[in-house]
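# Close look at the chain arrangement
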Amino acid sequence: MKKILCAALALFLALTSLAGCGKKGGEYVIYVDSYAPPFTDHTAGTNTYTGLAPDILAAIAADQGFTYTLGYAVSDAGMDAVQSGEADGAMMRLPITDEAKRDFDFSKSYFDDGQVMAVAVGSALAKPEDLRGKLVACVISDPAAEVPATVWAEANAEKYGFTIQYYETPALMYNAILSGSCDACFGQRSEMAWDIKRDGLGLQVVGDKLDPQSFGLAVKRGTNAKLLGMFNAGLADMKENGKLAEILAKYGF
């Protein structure tokens, strides 16, 4: 009897642990970032998760008629869960690259990211070629904490003829544009567009993505072809019926 009770308790704890990650009893287990706005955001008061990734996944699942358990983890842990078979897939912030494809198969991209330029609303500046003689704001970057947008700006300042003014935080960088101290700034599209949307800033993202990255559902290489197929089919439907554009606009894209 004691062994039976212990086994029952162990099963209960395992199910409770999984339920803590999200919805219980799904056909698939899919991980998203535990906190990476706007991809995933956590509201502590209600212990709820929202964001670009869970919203898109929910819409695709509804379109394709599959169920899932949603798990939350930091990116490395989530991808490890996919590799170990603990999870069937993950919508983490792992770009689709040739290196990543050695270990994972990816769906079509549900979001395209990259470094972008932002200016004050109404500015005539629209691309890096317009920045000759201008002052550009960037967040401080160093080898221990590189800021990709700043790295790009530093590598291209001479080419486009602009001067860089450094700031400690994105908020200070944005204020430099809003106050007129600087003419433009550079940042990650996902972060900058969300900051502008969330805080109602008088800024606008302009021009092309400077070093494009794409994000998709990742599964362990050679597995879960059915899940990838449904994800791609649902994503195609969302693009056609406008649902993807609606979700992207919700987060500032």
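Before any of the text, the structure's been laid out above.
A few points on the structure. Being a predicted model, the structure only gives us computed values, none of them experimental.

### Considerations on the sheet that holds strand S8 (residues 115-120)
Within the open sheet, the five strands sit side by side as S10-S9-S11-S8-S12. Their pairing is mixed. In the strand order of this sheet, the two ends are held by strand S10 (163-167) and strand S12 (203-206), each with one partner. In this sheet, neighbouring strand axes are inclined to one another by 35° on average, regardless of whether the strands run parallel or antiparallel. Examined bridge by bridge, S8 and S12 share four bridges and lie antiparallel to one another. Following the sheet pairing, Ala120 is matched in S12 by Leu203. Here helix H4 (residues 148-160) sits on the sheet in contact with S8, strand S9 (135-139), S10 and strand S11 (184-188), set at roughly 130° to S11. In the packing of helix H5 (residues 170-178) onto the sheet, the strands contacted are S8, S9, S10, S11 and S12, and the crossing angle to S9 comes to about 165°.

### Quick look at the side chain of Asp113
One can find Asp113 in strand S7 (residues 111-113). The exposure class of Asp113 is buried, given its relative accessible area of 0%. Only 3.5 Å separates the side chain of Asp113 from the backbone nitrogen of Arg189, close enough to count as a polar contact. With residues up to four places along the chain from it excluded, the contact list for Asp113 reads Phe39, Arg93, Gln188, Arg189, Ser190, Lys209, Asp211, Pro212, Gln213 and Phe215.

### What about the state of the cysteines?
A full pass over the atoms with the stated rule returns zero disulfides. Free cysteine: Cys185, not disulfide-bonded; nearest cysteine sulfur from Cys138 at 7.8 Å.

### Thoughts on the packing of helix H2 (residues 52-64) against helix H7 (residues 225-241)
Here H2 crosses H7 at 100°, and the two axes come no closer than 9 Å. What the angle tells us is that H2 and H7 run roughly perpendicular. Residue-level inspection shows Ile56, Leu57, Ala59, Ile60, Asp63 and Gln64 of H2 in contact with H7, the latter providing Met230, Phe231, Ala233, Gly234, Leu235, Asp237 and Met238.

Basis of the calculations
Residue numbers restart at each chain and count upward from 1, following the sequence in its written direction. The model is predicted, so local features are restricted to residues of pLDDT at least 70 and side-chain atom pairs to those at 80 or more, both for listing and for counting; the totals for chains, interfaces and linings are taken over all residues. For the side-chain quantities, the full set of heavy atoms in the structure was used; hydrogens and water were omitted. Two strands qualify as a pair provided that DSSP identifies no fewer than 2 bridges between them. The way it works is that DSSP assigns letters per residue, a run of H or I at least four long becomes a helix, a run of E at least two long becomes a strand, and they are numbered from the N terminus. For helices, the axis comes from a line fit to the C-alpha atoms of the stretch in contact; other axes are also lines fit to C-alpha atoms, and the angle between any two N-to-C directions lies between 0 and 180 degrees. By the convention used here, residues are in contact when the closest approach between their heavy atoms is within 4.5 Å. Partly exposed residues are those whose accessible area sits between 20% and 50% of the maximum for their type, while under 20% is buried and over 50% is exposed, using a 1.4 Å probe and protein chains only. What qualifies as a polar contact is a pair of N or O atoms within 3.5 Å, subject to a donor-acceptor requirement within protein and to the restriction that residues adjacent in sequence count only when both atoms come from side chains. Two cysteine sulfur atoms form a disulfide, by the criterion used here, when they sit within 2.5 Å. Note on angle classes: values under 35 degrees are labelled roughly parallel, values over 145 roughly antiparallel, values of 65 to 115 roughly perpendicular, and the remainder oblique.

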